[in-house]
Amino acid sequence: MAHENRLRIVHWLSEPESHFPPQVDGDLVKDGVCVGFITEKIGLKQPTVTNHMQILQEAGLVESKKIKNWVFYKLRPDQVENVLRKVGQML
């Protein structure tokens, strides 16, 4: 979450129904948000967004799911809470 764009994406994924339109494939909450919607909303190229999402996934903050030809990302709130708690302890 050290990058402004990743922090923005985490915020959006924390309340996907408030930040993204309904999807044809996949439920916003159950399945996650299509990388195409994240790309469109943030205004970056898809490879850049995919790189940000891979970093978040490697950190354990999001999980991915492939539906048809698209990858959907869902926040792991327990992991985000854990990171925020650790940051709070360091402060």
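Residues numbered from 1 in each chain as written. Predicted model: local features only at pLDDT ≥ 70, side-chain atom pairs only at ≥ 80, totals over all residues. Heavy atoms only, no water.

Draft legend 1. Quick look at the sheet that holds strand S1 (residues 33-34). Pairing in this open sheet of 3 strands is antiparallel, and the strands run S1-S3-S2 from one edge to the other. Only two strands of the sheet have a single partner each, and these edge strands are S1 and strand S2 (62-67). (Pairing = 2+ DSSP bridges. Helix = DSSP H or I, 4+ residues; strand = E, 2+ residues; numbered from the N terminus.)

Draft legend 2. Molecular detail of the side chain of Arg6. Along the chain, the position of Arg6 falls in helix H1 (residues 4-14). Notably, Arg6 is buried but unbridged: the nearest opposite-charge side chain belongs to Glu58, and the N-O separation is 9.4 Å. Here His52 takes part through its side chain, which lies 3.0 Å from a polar atom of the side chain of Arg6. (Buried < 20%, exposed > 50% of the residue type's maximum accessible area, 1.4 Å probe, protein only. Lys, Arg positive; Asp, Glu negative; His and termini not counted. Salt bridge = Lys/Arg side-chain N within 4 Å of Asp/Glu carboxyl O. Polar contact = N/O pair within 3.5 Å; in protein donor to acceptor, adjacent residues only side chain to side chain.)

Draft legend 3. Layout of the pairing of strand S3 (residues 70-75). Where S1 and S3 come together, 2 bridges link them in antiparallel fashion. Residue pairing in the sheet places Cys34 in a bridge with Phe72 of S3. Where S2 and S3 come together, 6 bridges link them in antiparallel fashion. Bridged to Val62 within S3 is Leu75.

Draft legend 4. View of the packing of aromatic side chains. The full count for this structure, using the stated rule, is 1 aromatic pair. A centroid spacing of 6.2 Å and a plane angle of 90° characterise the contact between Trp12 and Phe20, whose relative ring orientation is edge-to-face. This pair shows no difference in class: Trp12 is buried, exactly as Phe20 is. One residue, Lys41, lies across the ring of Trp12, its end atom 5.0 Å from the ring centre. (Phe/Tyr/Trp six-rings, centres within 6.5 Å; stacked < 30°, edge-to-face > 60°. Lys NZ or Arg CZ within 6 Å of the ring centre and 35° of its normal.)

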